[in-house]
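# An overview of the molecular structure
What follows is each chain in one-letter form.
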Amino acid sequence: MTAAPFPARFNRFVHKNTMPYLFITVPLITMLFFMFIPMIVSFWWSLNDYSGLQPAKFIGLTNYIQLFTNDPIFIKTLVNTTLFVLMGMGIGPTIGLLTALLLNQKVRFQSVFRTAYYLPVMTSLVVVSTIWVMLYNHNGLFNSIINGMGLAKVGWLSNPNIALVSVVLASIWQGFGFETVIFLAALQSIPRELYEAAMIDGAGSVQRFWNITLPSLRHVIVFIYIYGIIGSYQVFDQIFVMTAGGPVYSTSTIVHYLFKKFMDLQLGYASAIAYILFAILVLFSFIQWRFFTEKKLEA
Amino acid sequence: MIIRRRPRKISVARLLAYLILIASSILMIIPFYWSVGTSLKLERFVFATPPQWWPTPLTLTNYIHVLTRIPFPRYFYNSVVVAICTTLGNVFFDTLAAYAFAKLTFPGRDRIFFIFLLVLMVPSQVNLIPMYRIMTALHWTDTYLALIVPNLTSVFGIFMMRQFLMSIPDDLLDAARIDGCSEYKVFNKVVLPLAIPGVATLIILTFMGTWNDFLWPRIVTNTERLFTLPVGLAQLQMKNTSNVAQIMAGTVLTALPMIIVFLFMQRQFIEGMTAGALKE
């Protein structure tokens with residue numbers, strides 16, 4: 001390349017050094033105004049008694065202390081949300097893996113089955129919840145079937161002991177297809193030679209599963225659990241539509257309670273709830289980050 | 001290499017596999033089937049005993065009601081406008097920023113990108129309340145601006161596209177630069193065409209996320225005129241608990257567009273979903 005005359009070179013220099021910033025301007029501004037500033041403001045409000053109508057009054061950690069020591073409903077939402085996560089993550093990914101393993105057996109109509117599992121995943125949670133509210137109705141399909149078998153009707157969403165489980169069931173139905181699809185793709189990327197070599201060595205199907213399939217899926221399993229846990233801790237739509245947190249707070253979750261406090265104009269209090277949620281999620285993000293950086297160091 | 005199979009044993013296992021797959025698929029389809037069926041029933045037969053597996057008489061009154069008495073066409077229009085604008089914004093801005101982060105060198109690049117990644121960890125609920133206050137301060141509540149502008153770019157989209165663009169060889173870009181292309185022209189003429197598979201994924205994920213989003217549009221809209229489909233449906237479900245058939249008609253109308261798009265672009269959907277998970 002021959003050197004360009006001075007003005008052209010200067011223009012090129014300016015161009016090369018301003019264009020990149022121009023390219024990231026919009027995301028930078030959006031992030032600044034809609035994420036960074038709100039994040040800090042939110043933290044500040046969590047240290048204040050703030051309704052949004054009157055000026056904020058600084059009260060230090062009072063909101064946090066109040067939440068943990070003097071708000072049994074908040075503790076209940078923490079427990080409920082954790083139960084939701086444990087039940088959902090205990091069952092969902094397992095169903096996902098099982099269906100993926102079945103689909104991976106070179107079955108016919110593989111894509112038809114996959115579509116059936118995946119359909120609810122791309123359907124809005126509001127839609128899914130609305131459908132399940134109908135199914136769970138006192139005279140709905142489930143109770144009709146149960147009644148037809150001669151059993152007593154179940155108060156799926158009205159019995160405080162059952163309501164959370166009912167919401168979990170609907171959520172698993174909605175979400176496990178995502179795991180099916182991810183696991184299936186991961187299974188298909190395991191080299192066939194590994195299995196062939198194992199078969200020559202006389203390994204049975206159970207041994208092949210434990211020694212080849214599961215270790216190969218290690219990465220994906222961690223991904224699914226961490227993202228699943230982070231996503232489930234933020235559960236809101238299903239609760240809002242199906243139970244509105246009831247009966248008697250038996251299905252109230254962290255984000256639903258945050259929403260409620262926001263509606264009650266306890267903005268400082270709601271912000272403190274948001275930050276507690278944030279802290280929980282950071283914990284899981286940290287675990288994931290540790291796992292993947294460890295992986296890179298090994299390689 | 002030929003591996004001898006024992007045909008009988010395998011066929012039994014196969015049969016069992018098919019049985020489980022078919023049974024579970026039916027379980028997946030029943031709620032959808034029941035929703036469509038109910039939307040075509042007269043209200044008084046919705047909870048009939050024994051349950052009506054086939055709607056008799058078949059009726060469209062619920063759809064007519066939802067489309068004429070409740071502004072579902074309006075919700076639909078809002079959802080389309082918001083989803084399309086948000087998707088276009090993300091395709092352009094995310095890819096452009098991703099290009100800068102992946103292929104250009106400038107002071108502070110890695111530091112800025114690191115801050116982006118940190119922000120990605122913050123759950124949206126943390127920003128929710130201050131964001132709402134910003135919207136009221138700007139007088140953006142109950143306007144398309146509140147529904148679209150905060151989501152015009154996404155850190156996740158930038159991150160994903162950056163991963164994708166890193167795989168484009170630098171030589172190609174240098175060749176275009178030597179030919180005298182400006183950085184924007186390099187982006188427009190060389191990078192974008194090569195990035196189409198990645199962009200397809202971005203389009204699908206953004207469109208789906210926006211179409212199904214609930215909490216944010218629920219908070220920043222108060223008038224029916226601005227409701228998106230999920231917000232309108234939730235509203236219908238709350239205030240009209242008695243008429244399940246009409247609610248189901250609304251449910252079908254809300255879910256159908258996404259399902260149609262999905263059935264036509266299934267491969268891209270699945271690839272989009274798996275891309276993020278398997279690349280890590």
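These numbers were taken from a predicted model, which means no experiment stands behind them. (Residues numbered from 1 in each chain as written. Chains lettered and ligands numbered in written order. Predicted model: local features only at pLDDT ≥ 70, side-chain atom pairs only at ≥ 80, totals over all residues.)

## A short note on the overall build of chain A
What chain A contains, in helices and strands, is 14 helices and 2 strands. With respect to the three principal axes, the spread of C-alpha positions in chain A is 90 × 70 × 35 Å. In chain A, which comprises 299 residues, the share counted as buried stands at 39%. Residue pairs in contact within chain A that sit at least 24 positions apart in sequence constitute 68% of those at least 6 positions apart. (Helix = DSSP H or I, 4+ residues; strand = E, 2+ residues; numbered from the N terminus. Buried ≥ 20, exposed ≤ 12 C-beta atoms within 10 Å, placed from the backbone. Contact = placed C-beta atoms within 7 Å.)

## Some details on the overall build of chain B
When helices and strands are tallied, chain B shows 14 helices and 0 strands. Written out in order from the N terminus, the α and β elements of chain B read α-α-α-α-α-α-α-α-α-α-α-α-α-α. Whereas a compact globule of 280 residues would reach a radius of gyration of roughly 19 Å, chain B reaches 24 Å, over 25% beyond that. At a minimum sequence separation of 6, the contacts of chain B that also span at least 24 residues come to 76%. (Rg over C-alpha atoms; globule rule 2.2 N^0.38 Å.)

## Some words on the domain arrangement of chain A
Residue and element names in this part refer to chain A. If you check the domain split of chain A, you get domain 1 (6-62) and domain 2 (73-298). Placing a centre on the C-alpha atoms of domain 1 and another on those of domain 2 gives a separation of 34 Å. With 11 residues of domain 1 at the interface, the matching set in domain 2 holds 8 residues. For the side of domain 1 that touches domain 2, the secondary structure elements donating two or more residues are α2 (25-46) and β1 (48-49). At 4 residues, α2 tops the list of elements feeding residues into the side of domain 1 that touches domain 2. Tallied by class, the residues present in the side of domain 1 that touches domain 2 amount to 5 nonpolar, 5 polar and 1 charged. (Domains from an automatic or database assignment. Nonpolar A, V, L, I, M, F, W, Y, C, P; charged D, E, K, R; others polar.)

## Quick notes on the domain arrangement of chain B
Per the domain assignment, the segments of chain B are domain 1 (7-61) and domain 2 (70-239). Taking only C-alpha atoms, the centre of domain 1 of chain B and the centre of domain 2 of chain B are 38 Å apart.

## Some words on the packing of helix α12 (residues 229-239) of chain B against helix α13 (residues 244-264) of chain B
Residue and element names in this part refer to chain B. Two elements in contact, α12 and α13, have axes whose closest approach is 10 Å; the angle formed by their N-to-C orientations is 170 degrees. With respect to their mutual orientation, α12 and α13 come out roughly antiparallel. Contacts between α12 and α13 pair Leu229, Pro230, Leu233, Leu236 and Gln237 from the former with Ile247, Gly250, Thr251 and Thr254 from the latter. Here the residues of the contact of α12 with α13 sort into 5 nonpolar, 4 polar and no charged. (Axes fitted to C-alpha atoms, helices over the stretch in contact; angles between N-to-C directions. Parallel < 35°, antiparallel > 145°, perpendicular 65-115°, else oblique.)

## Observations regarding helix α8 (residues 163-188) of chain A
Under the 1.5 Å per step criterion, the end-to-end length of α8 of chain A is 38 Å for 26 residues, consistent within 8% with the ideal 38 Å. Taken as a whole, α8 of chain A carries its principal kink of about 35 degrees at Gly175 of chain A. (Expected span 1.5 Å × (residues − 1). Bend = angle between axes of the 7 residues up to and from the residue.)

## Regarding the nonpolar core
Counting 141 residues, the largest nonpolar core has Leu258 and Ile273 of chain A together with Ala97 and Tyr99 of chain B as its most contacted members. At 14 residues, the largest contribution of residues to this core is made by α8 of chain A. Setting aside anything within four residues of it in sequence, one finds Ile273 of chain A in contact with Leu67, Ile254, Tyr257, Leu258 and Lys261 of chain A. (Core = buried A, V, L, I, M, F, W, Y, C linked by C-beta atoms within 7 Å.)

## Structural notes on the interface of chain B and chain A
Interfaces are frequently sized by the accessible area removed from exposure as the parts join. Facing 75 residues of chain B, the contacting portion of chain A comprises 77 residues. Among the elements that line the side of chain B that touches chain A, the one with the most residues is helix α1 (residues 7-39) of chain B, at 13 residues. When its residues are assigned to classes, the side of chain B that touches chain A shows 57 nonpolar, 15 polar and 3 charged.

## Quick look at the confidence of the model for chain B
All names here are of chain B. On average, residues of chain B score 86 in pLDDT, and 93% of them reach the 70 mark or higher. Of all secondary-structure elements in chain B, the lowest mean pLDDT belongs to helix α14 (residues 266-279), at 72, while helix α6 (residues 144-148) reaches the highest, 94. For this predicted complex, the interface score ipTM comes out at 0.87, alongside a pTM of 0.88. (pLDDT = per-residue confidence, 0-100.)

## Brief notes about the packing of helix α5 (residues 110-118) of chain A against α8 of chain A
Residues and elements named next belong to chain A. Between α5 and α8, whose axes approach to 7 Å, the crossing angle comes to 140 degrees. It follows from the interaxial angle that α5 and α8 lie oblique. Judged by the twist between their axes, the crossing of α5 over α8 is left-handed. For the pair α5 and α8, the contacting residues are Arg114, Tyr117 and Tyr118 in the first and Gly177, Thr180, Val181 and Leu184 in the second. (Left-handed = near helix turned anticlockwise from the far one by under 90°.)

## A short note on the environment of Arg133 of chain B
Residues and elements named next belong to chain B. Within the fold, Arg133 resides in helix α5 (residues 124-137). Using a count of 16 C-beta atoms within 10 Å as the deciding quantity, one classes Arg133 as partly exposed. Considering only alpha carbons, one finds Arg133 and Tyr63, 70 residues apart in sequence, at a separation of 37 Å.

## What about the environment of Phe43 of chain A?
Note on placement: Phe43 of chain A falls in helix α2. Placed 17 residues apart in sequence, Phe43 of chain A and Val26 of chain A show a C-alpha to C-alpha distance of 25 Å.

## So, α5 of chain B
Residue and element names in this part refer to chain B. Between its terminal C-alpha atoms α5 stretches 19 Å, which fits the 20 Å expected from 14 residues at 1.5 Å a residue. At Pro130, α5 is deflected by roughly 30 degrees, the largest bend along its length. If you check which residues of α5 are buried, you get Gln125, Val126, Asn127, Leu128, Ile129, Pro130, Met131 and Met135. Looking one or two places after α5, you find His139, whose phi comes out positive at around 60 degrees.

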